[in-house]
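Observations on chain architecture
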Amino acid sequence: DAKTTQPNSMESNEEEPVHLPCNHSTISGTDYIHWYRQLPSQGPEYVIHGLTSNVNNRMASLAIAEDRKSSTLILHRATLRDAAVYYCAHFSNSGYALNFGKGTSLLVTP
Amino acid sequence: GAVVSQHPSWVICKSGTSVKIECRSLDFQATTMFWYRQFPKQSLMLMATSNEGSKATYEQGVEKDKFLINHASLTLSTLTVTSAHPEDSSFYICSSGTAYTNYGYTFGSGTRLTVV
């Protein structure tokens, strides 16, 4: 299966932008890149997904490299409620199940 | 948006007993349901994919006779952990979605299973 690589942890100050990177060098040309976040003892929450061009929604922005081997999730103004584990993911080789990377634990400090 | 309701949120059972976890799609038809397991401080690991009306497909290393999945309707999928042992203690999560949606995949809230 294709793999994703993310930093184990990152830290940000409240109200500052956060850039969370993910490498997915073996992703296929037609697979969407997904991002989810998870709070302790909860199921993951959808954040954003995209294929080739940059994507924006009310939660975040997703910047996808031109060669699609990496992407960056951008939180424009981090809040304390954004503290979570952020996962990038894409489809497994066996179908449409999402394969998750190890995730980045984001700490937001006041 | 699509909502998946998962129950129970936590369960404690004795070794050797079976536990059933339910996932219901509340406002959409879940043709496919994915089941994940997550150990503490680790990422989600796909266990199996179930399609309504057919047998589930299990990932390599997952015992299909131990983790029974039933997806008999478009709104309900169940995972039964049979003859549970302490090493089965984990956080189990279901998920559903379609490949090309504007809203991503939807996840249940998870079930914390503790086998004593």
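Residues numbered from 1 in each chain as written. Chains lettered and ligands numbered in written order. Predicted model: local features only at pLDDT ≥ 70, side-chain atom pairs only at ≥ 80, totals over all residues. Heavy atoms only, no water.

Let's talk about the packing of aromatic side chains
Between two aromatic rings, the relevant description is the distance of the centres plus the angle of the planes. All names here are of chain B. Counted under the stated rule, the structure contains 11 aromatic pairs over all chains. For the ring pair F34 and Y105, a centre distance of 5.7 Å and an interplane angle of 15° mean the geometry is stacked. Here F34, found in strand β4 (residues 32-38), pairs with Y105, found in the loop between β9 (90-96) and β10 (106-107); they are 71 residues apart in sequence, far enough to count as distant. Each member of the pair, F34 as well as Y105, carries the same accessibility label: buried. The interplanar angle of 40° and the centroid separation of 6.3 Å between the aromatic rings of F67 and Y92 together place this pair among those described as tilted. (Phe/Tyr/Trp six-rings, centres within 6.5 Å; stacked < 30°, edge-to-face > 60°. Helix = DSSP H or I, 4+ residues; strand = E, 2+ residues; numbered from the N terminus. Buried < 20%, exposed > 50% of the residue type's maximum accessible area, 1.4 Å probe, protein only.)

Details of the pairing of strand β8 (residues 76-81) of chain B
Residue and element names in this part refer to chain B. The buried fraction of β8 amounts to five of the six residues, a majority that puts the element mostly inside the structure. Looking at chain direction, strand β3 (residues 19-25) and β8 are connected through six bridges and run antiparallel. Bridged to I21 within β8 is L79. Strand direction decides the pairing type here: strand β7 (residues 67-73) and β8, joined by five bridges, are antiparallel. Bridge pairing links L68 to T80 in β8. (Pairing = 2+ DSSP bridges.)

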